[in-house]
Amino acid sequence: MTSTMTTTKTTTPVVQLQAITREFAGSVAVDSIDLTVRRGEFTALLGPSGCGKTTTLRMIAGFLPPTSGTILLDGQDATTLPPERRNIGMVFQSYALFPHLTVEKNVAFGLRMRGVPSAEIRTRVAEVLDLVGLAHLAGRKPKELSGGQQQRVALARAVAIRPSVLLLDEPLSNLDARLRVQMRQELLRVQRETGLTAILVTHDQEEALELADNMVILDRGRIVQQGPPREVFRAPATRFVAEFLGYENFLDLPGRGPVTIRPEHIGVLGPDAEPPAGGEVVEATVTAVRFRGTDFAVTAAVGDRTLHAITTDETLRAGASVRLHLPLGQAIPLPGDDGAARLGKNPRQECPA
Amino acid sequence: MSRRAASGLLLLPGVALLAFGFLYPFGVTLFAPPAAEDPDVLGKLGGMLGDGYVLEVAARTVRVAALTTAICLLLGFPVAYLIARAPRRRQGLLLALAVFPLLLSTVVRTFSWLVILGRNGLISDLLTALGLADGGTQLLYTEFALIAGLTQLFTPIMILTSYSSLSHIDVKLEEAARGLGASPGRAFRRVVLPIALPGVLVGAMLVFAGAVTAFTTPLLLGGTRNRTLATLLYDYANVKLDWGAASAVALIMTALVVVAGLISGRLSKVGAV
Amino acid sequence: MRGRPLLTAVAALALVFLLGPILLVVAIAFSSGDTVEFPPPGLSGKWFTKALAYQPFQDALTTSALVAAGATLLALLVGIPAALAIQRRRFRGRKAAEALFLSPAIVPELVLGFALFQQLMVTLRITALGALLIGHTVLLLPYAVRVTGASLAMADPALEEAGRGLGAGPLRTFFHITLPVMTPGIVSAAVLSFLTSFNNVPLSLLLNGPGVTTLPVQMLNYVEFSFDPVVAAVSTLLLAATVVVALVTERLVGFNKVFGK
């Protein structure tokens, strides 16, 4: 089932979106997006609900026509092509397994529609079910499977047709937390083994960080930043991106503009502790301490500002006065921002799909 | 083909059927029956409303329907409540038993009342045996017979609508109320009843509309002495052949049902909030 | 039910009241007496023999079965596309279309029968059988649209998209996915429609013609002139047939689905 990519085709991007816009009843859900997805790459579209990521995916699949712009699949204009002629493999958030068909028939469906000879269908279905570890459940109906198993069937069904691109719409969001983490690796393994190009839509930054080769962050219908997850995480361009990736401390430094500091870099100093060299020390009042297993997350007020830090000091209680050490050398600049917090302050528009 | 055209095409056969087999005949018959000698239905209606007999029949129809609705509610709601609170796997069977009569012909279901209520019927024999009457007690062709027959006909509908309303209410709500110090009775009155009420009232309106328009039961159990609007309409239409009068009665019946429908629509909106 | 003696008593009374009279009819049907009496003096099957041999009932049964089957088929053929449009498509006037398709259910059946009798049979001179078929189809259409629509409303709309994505065009998606998903709803609607049509009296009574009388109407005619256990025997046979239909429905889709439960 491992298909090595052919070098001749590597140059053509699998998916290209050119100035794609989608409006719903006057409100703009996707605002002139340009996106290139290269062969074999795992792309994650990440953003809060209503940011346009699902709308974008549905336009790539052909379920929703763009208001304007061009969609190229394998270099061909596919903007008005109906979904059944796009050769896409989609995994839906609800899985959308056909309830009247067995696991085997579900997986075979796409091949039957393509007129693949039945002998070949049998071997390919067996291969794919093997790949997701469900060969023993081939005769079951979807409702007789657990959520995780249904998820695998949905994945197998999409992979079976050897699509030019695998579209994953929040595929893990209906699983419980533990299973979700397991299935991430499973998803990655299947994508690597098949060599398929994949686009994942998710609102879970951990999922995107773990899976993506290219992480695309959307906000209100626009791409705000994209790149390899490590790069984006190390250098978020704006406060929105930083907050979305879990950063909590935001400062406006004179001469340097808006920056963020990771909580684990902020030192909580005991009464007689000597502050490390460099950086700045501020007086703060602890407002909350949360036990996290190996350490404690401390929330402290500095004037009218709130800072977050990590400590192993077990004696710290809410109300205590402490000194915090801010290593400004480790502060990450947010160059694309004017310093105004956007997350949570602006009502986010909801797009209807 | 545009999406709008596709939707239109899917609806077209049904719309055509309804236009020809429903809207057209219904509209013409109610408001301008050409086949009637006197096509002025509204004039006829005015005359009939001045006539004491039609008013008496209309009043009886509403009275019988209202009493039927009340009794259906008293019998049906407790059954629905017990079914909704029975163990899950038994609910299906109990509900099926309660609503099965809905699948039977009204003729079948009304026939037994002829046996029970007639001059040589069960109740008459029972009264005679007890020495309370000396044979031949006739309960048929009375309002009592009408109400008995209609109640038996419509209680399953009341059970069905009450059940669907009650089955959406989590048992834990009652348990929560009990935990907060309410007695079972109070928990029921203060928590279950208010939540179930809109759905139950929608069911009551269904029963009322059904009882107003029921035909077979009044024909067999009410006879000519206790006519309802439905049997009166049939009499004008098929026996007296006074089609203008039949249209007028049809108009009254339709108005009653539409009013019940509007009230029910209101109630279900209240319930949805 | 512990602690609720009053409630339980009322419920028991209600069940006796609902089912008792039906069982009474069965008992009378097996009577060996010459008149309707309870308790019957003895048991016999003679009323069944008489009922089955009675020609007008045989003819009426044929008419009823034909009309019920025809109207059910027509109502489904017309109602399923309408349910698809109402449940799966967004267009202006969707709510109005839904209200239109459900409206025959709120109109008194007798009034509809009278209207169809006047306009279709008297004015347009359509035959009784034709008028019966049209009238019953109109009567069943709300059930067909509502019950098949409910099965669509419960299904994940992404199913059809999944079909398209896997390479099935709109038609193949309909036949391979939408229709099978709707099947329980279609079966429920068919059972409910057939029985509703078969049992109907008001429409059938007004839309009769020479040789075109349905079974319930024929039973009604019979009761008006002679009061003997023949009708009880027919009722018992209908009851038995209905029980069979209910059991088969239970096996196929779950009995209570017929009522949308």
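Keep in mind that this is a model prediction, so the values were computed, not measured.

Let's talk about the arrangement of the chains
(1) Moving on: Counting contacts across all two pairs of chains found in contact, the highest total belongs to chains B and C.
(2) Moving on: Note that chain A does not reach chain B: the shortest distance linking a C-alpha of one to a C-alpha of the other is 13 Å.

Description of the domain arrangement of chain A
(1) Moving on: By the assigned domains, chain A splits into domain 1 (2–234) and domain 2 (247–333).
(2) Moving on: Computed from C-alpha atoms alone, the centre-to-centre distance between domain 1 of chain A and domain 2 of chain A is 41 Å.

So, the interface of chain A and chain C
(1) Moving on: Of the residues lining the interface, 17 residues belong to chain A; the matching set on chain C comes to 15 residues.
(2) Moving on: Broken down by secondary-structure element, the contributors of at least two residues to the side of chain A that touches chain C are β6 (88–91) and α2 (103–113) of chain A.
(3) Moving on: For the side of chain A that touches chain C, the leading source of residues is α2 of chain A, giving three residues.
(4) Moving on: A per-class count over the side of chain A that touches chain C returns 12 nonpolar, three polar and two charged.

Observations concerning the sheet that holds strand β11 (residues 249–253) of chain A
Residue and element names in this part refer to chain A.
(1) Moving on: Spatially, β11-β12-β18 is the arrangement adopted by the three strands of the open sheet, whose pairing is antiparallel. Among the strands making up the open sheet, the edge pair consists of β11 and β18 (332–333).
(2) Moving on: Taken together, the two bridges between strand β12 (residues 257–261) and β18 define a ladder with antiparallel strand orientation. The residue of β18 that forms the bridge with Thr260 is Ile332.

A short note on the confidence of the model for chain B
Residue and element names in this part refer to chain B.
(1) Moving on: Per-residue confidence for chain B gives a mean pLDDT of 87; residues scoring 70 or more make up 95%.
(2) Moving on: Confidence, read as mean pLDDT per element, is least for helix α2 (residues 41–50) in chain B (76) and greatest for helix α7 (residues 143–166) (94).
(3) Moving on: For this predicted complex, the interface confidence score (ipTM) comes to 0.90, while the overall pTM stands at 0.86.

Remarks on helix α5 (residues 109–123) of chain C
Residues and elements named next belong to chain C.
(1) Moving on: For α5, built from 15 residues, the straight-helix expectation of 21 Å at 1.5 Å per residue is met to within 8% by its first-to-last C-alpha distance of 20 Å.
(2) Moving on: Of all the bends in α5, the largest measures some 25° and sits at Phe117.
(3) Moving on: With 13 of its 15 residues buried, α5 lies for the most part within the structure.
(4) Moving on: Phi for Arg125, located one or two positions after α5, is positive at around 55°.

A few points about the pairing of strand β14 (residues 280–291) of chain A
Residues and elements named next belong to chain A.
(1) Moving on: Where β14 and strand β17 (residues 321–326) come together, six bridges link them in antiparallel fashion. From the neighbouring strand, Val281 faces β17, where its bridge partner is His325.
(2) Moving on: Bridging between β14 and strand β15 (residues 296–302) involves six bridges; their strand directions are antiparallel. Note on β15: the bridge partner recorded for Thr285 is Ala301.
(3) Moving on: Turn length for the β14-β15 hairpin, with the two strands adjacent in sequence and antiparallel, is four residues, and the turn residue Gly293 shows positive phi of about 105°.

Some details on the nonpolar core
(1) Moving on: If you look at the biggest cluster of nonpolar residues, it comprises 165 residues, and the most contacted ones within it are Leu233, Val249 and Met253 of chain B together with Phe114 of chain C.
(2) Moving on: Formed by 95 residues, the second largest nonpolar core is a distinct cluster that contains Tyr95, Leu134, Ala160 and Leu324 of chain A.

Description of the interface of chain B and chain C
In many reports, interface size means the accessible area that the parts give up when they come together.
(1) Moving on: On the side of chain C, 69 residues touch chain B, which itself brings 67 residues to the contact.
(2) Moving on: Broken down by element, the side of chain B that touches chain C gets its largest block of residues, 16 residues, from helix α1 (residues 3–31) of chain B.

Some words on the sheet that holds β17 of chain A
Residue and element names in this part refer to chain A.
(1) Moving on: The five strands are arranged β13-β17-β14-β15-β16 in an open sheet whose pairing can be described as antiparallel. The sheet is open, and its two edges are formed by β13 (267–269) and β16 (305–311), each paired on a single side. In this sheet, adjacent strand axes meet at a mean angle of 45° when their direction is disregarded.

A few points about α2 of chain B
Residue and element names in this part refer to chain B.
(1) Moving on: When we look at burial in α2, the residues that qualify are Val41, Lys44 and Met48. Buried residues of α2, viewed axially, fall in a sector of 60°; they line one side. Exposed residues lying more than 90 degrees from the buried face of α2 are Leu42, Gly43, Gly46 and Gly50.

Some thoughts on the environment of Cys72 of chain B
Residues and elements named next belong to chain B.
(1) Moving on: Within the secondary structure layout, Cys72 lies in helix α3 (residues 52–85).
(2) Moving on: Distance from Cys72 to Leu153, taken between C-alpha atoms, is 9.3 Å for residues 81 residues apart in sequence.
(3) Moving on: Setting aside residues no more than four positions away along its own chain, Cys72 makes contact with Thr151, Phe154, Thr155, Met158 and Val207.

A word on the environment of Ala158 of chain C
(1) Moving on: Following the sequence through the fold, Ala158 of chain C ends up in helix α7 (residues 158–165).
(2) Moving on: Residue Ala158 of chain C is classed as partly exposed on the basis of its 18 C-beta neighbours within 10 Å.
(3) Moving on: When neighbours within four sequence positions are excluded, Ala158 of chain C is seen to be in contact with Phe92, Ser94 and Ala96 of chain A.

Quick look at the packing of α3 of chain B against α7 of chain B
Residue and element names in this part refer to chain B.
(1) Moving on: Between α3 and α7, the least distance of the axes is 6 Å, while the angle of their chain directions is 40°. Viewed along their axes, α3 and α7 adopt a mutual orientation that is oblique. As α3 runs across α7, the sense of the crossing is right-handed.
(2) Moving on: Looking at the contact of α3 with α7 residue by residue, the classes come out as 20 nonpolar, five polar and two charged.

Quick word on unusual backbone geometry
All names here are of chain A.
(1) Moving on: Phi at Tyr95 takes a positive value of approximately 70°, unusual for a residue other than glycine.
(2) Moving on: In this model, Arg162 sits at a positive phi of 45°, which is unusual for a non-glycine residue.
(3) Moving on: Inspection of the secondary structure puts Arg162 in the loop between α4 (147–160) and β7 (165–169).
(4) Moving on: Judged by local crowding, Arg162 falls into the partly exposed class, with 18 C-beta atoms found within 10 Å.

The rules behind these values
Residues numbered from 1 in each chain as written. Chains lettered and ligands numbered in written order. Predicted model: local features only at pLDDT ≥ 70, side-chain atom pairs only at ≥ 80, totals over all residues. Contact = placed C-beta atoms within 7 Å. Domains from an automatic or database assignment. Helix = DSSP H or I, 4+ residues; strand = E, 2+ residues; numbered from the N terminus. Nonpolar A, V, L, I, M, F, W, Y, C, P; charged D, E, K, R; others polar. Pairing = 2+ DSSP bridges. pLDDT = per-residue confidence, 0-100. Expected span 1.5 Å × (residues − 1). Bend = angle between axes of the 7 residues up to and from the residue. Buried ≥ 20, exposed ≤ 12 C-beta atoms within 10 Å, placed from the backbone. Core = buried A, V, L, I, M, F, W, Y, C linked by C-beta atoms within 7 Å. Axes fitted to C-alpha atoms, helices over the stretch in contact; angles between N-to-C directions. Arc of directions from axis to C-beta. Parallel < 35°, antiparallel > 145°, perpendicular 65-115°, else oblique. Left-handed = near helix turned anticlockwise from the far one by under 90°.

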